Amino acid sequence: TSSLVGSEMCIRDRKSAGLIEKDIVWFGTATLALITIVIANVWRGTPFFGISILAKLQTIPDDYYEAAKIDGCDQFYLVTRLIPPMLKPSFAASSLFIFIGAWNEYITTSVMVNGNNLKNIQMAIYDYIGFFGQEWGPLCAAATVAIIPILLVFTFLGKQLVSGLTAGAVKG
């Protein structure tokens, strides 16, 4: 995203200096802006997701693999049937963190998107902070509305998060 941001800023500087007459719109359409921001967030979230899943894979005891091999399971069964249920809590936690980071994205969107019709909710919230003060009523209302999708995602992933926290709590 840094090269895209740099090229957009460079074009703005050239236009203000009179070197470019027409406005080059990289993210002028809603579809192109959405695709670009999704790609940037996937690019940013993939390493975190991969490291989280790798960390969970390293905590699975070798006894599970040995027991599965004794029972006659092949490698395909291990990868498709045995390991994924163990990864659900880590998958849920990583997905929740990545979603929160993507939902609260302000910097990339504010640099890449021009125009009121393409703003995300965080940019709309920032509009309530003015030069002479804040409009607290609309600001708090918009912040409350912005939290609703995070609460919905947490509601759906909450069971997996709790099961991951209590998985090691049973004394055996």
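Residues numbered from 1 in each chain as written. Predicted model: local features only at pLDDT ≥ 70, side-chain atom pairs only at ≥ 80, totals over all residues. Heavy atoms only, no water.

A. Quick look at the packing of helix 2 (residues 30-59) against helix 4 (residues 75-103). It is at 9 Å that the axes of helix 2 and helix 4 come closest, and there the two elements cross at 150°. The angle between helix 2 and helix 4 places the two elements in the roughly antiparallel class. The element helix 2 and its partner helix 4 pack so that their crossing is right-handed. On the side of helix 2, the interface is formed by Asn41, Gly45, Phe48, Phe49, Ser52, Ile53, Lys56 and Leu57, while helix 4 contributes Ile83, Met86, Leu87, Ser90, Phe91, Ser94, Ser95, Phe97, Ile98 and Ala102. Here the residues of the contact of helix 2 with helix 4 are counted per class, giving 11 nonpolar, 6 polar and 1 charged. (Axes fitted to C-alpha atoms, helices over the stretch in contact; angles between N-to-C directions. Helix = DSSP H or I, 4+ residues; strand = E, 2+ residues; numbered from the N terminus. Parallel < 35°, antiparallel > 145°, perpendicular 65-115°, else oblique. Left-handed = near helix turned anticlockwise from the far one by under 90°. Contact = heavy atoms within 4.5 Å. Nonpolar A, V, L, I, M, F, W, Y, C, P; charged D, E, K, R; others polar.)

B. Just the side chain of Asn41, in detail. On the secondary structure map, Asn41 appears in helix 2. Judged by relative accessible area, which is 15%, Asn41 ranks as buried. If sequence neighbours within four positions are ignored, Asn41 has contacts with Ala102 and Glu105. (Buried < 20%, exposed > 50% of the residue type's maximum accessible area, 1.4 Å probe, protein only.)

C. Representation of the packing of aromatic side chains in the model. A full pass over the atoms with the stated rule returns 4 aromatic pairs. Centroid distance Phe49 to Phe91: 5.3 Å. Interplanar angle 80°. Geometry classified as edge-to-face. With Phe49 in helix 2 and Phe91 in helix 4, this residue pair connects regions lying 42 residues apart in the sequence. (Phe/Tyr/Trp six-rings, centres within 6.5 Å; stacked < 30°, edge-to-face > 60°.)

D. Highlighting the environment of Ala146. Take Ala146: it is sitting in helix 7 (residues 136-166). When the C-alpha atoms of Ala146 and Ile125 are compared, they prove to be 8.8 Å apart, with 21 residues separating the residues in sequence. Setting aside chain neighbours within four positions, we find Ala146 in contact with Trp103, Ile121, Gln122 and Ile125.

E. Region of the structure containing a nonpolar patch on the surface. On the surface, Val145, Ile148, Leu152 and Phe156 cluster together into a nonpolar patch covering about 420 Å² of accessible area. Tracing the chain through its elements places Ile148 in helix 7. Judged by its relative accessible area of 44%, Ile148 falls in the partly exposed class. (Patch = residues over 30% accessible without salt bridge, like charges linked within 9 Å, V, L, I, M, F, W, Y side chains within 5 Å. Areas by Shrake-Rupley, 256 points an atom, 1.4 Å probe, with all protein chains shown as cover. Salt bridge = Lys/Arg side-chain N within 4 Å of Asp/Glu carboxyl O.)

F. Just helix 2, in detail. Helix length check: helix 2 (30 residues) gives 43 Å between terminal C-alpha atoms against 44 Å at 1.5 Å per residue, within 8%. At Gly45, helix 2 is bent by approximately 35°, the largest bend along its length, and proline Pro47 sits one to four residues beyond. (Expected span 1.5 Å × (residues − 1). Bend = angle between axes of the 7 residues up to and from the residue.)

G. Spatial organisation of the packing of helix 3 (residues 62-70) against helix 4. The geometry of helix 3 relative to helix 4 is characterised by a closest axis approach of 12 Å and an angle of 145° between their N-to-C directions. Helix 3 and helix 4 meet at a crossing whose hand is right-handed. Together, Tyr64, Tyr65 and Ala68 of helix 3 and Leu78, Leu82, Ile83 and Met86 of helix 4 make up the contact between the two elements. Grouping the amino acids of the contact of helix 3 with helix 4 by side-chain chemistry returns 7 nonpolar, no polar and no charged.

H. Up close: the pattern of salt bridges. A full pass over the atoms with the stated rule returns 1 salt bridge. Two residues, Glu105 and Arg44, come together in a salt bridge whose shortest N-O distance is 2.7 Å. One end of the pair, Glu105, is in the loop between helix 4 and helix 5 (107-112); the other, Arg44, is in helix 2, and 61 residues separate them in sequence. Arg44 gets classed as partly exposed once you look at its relative accessible area, which sits at 40%.

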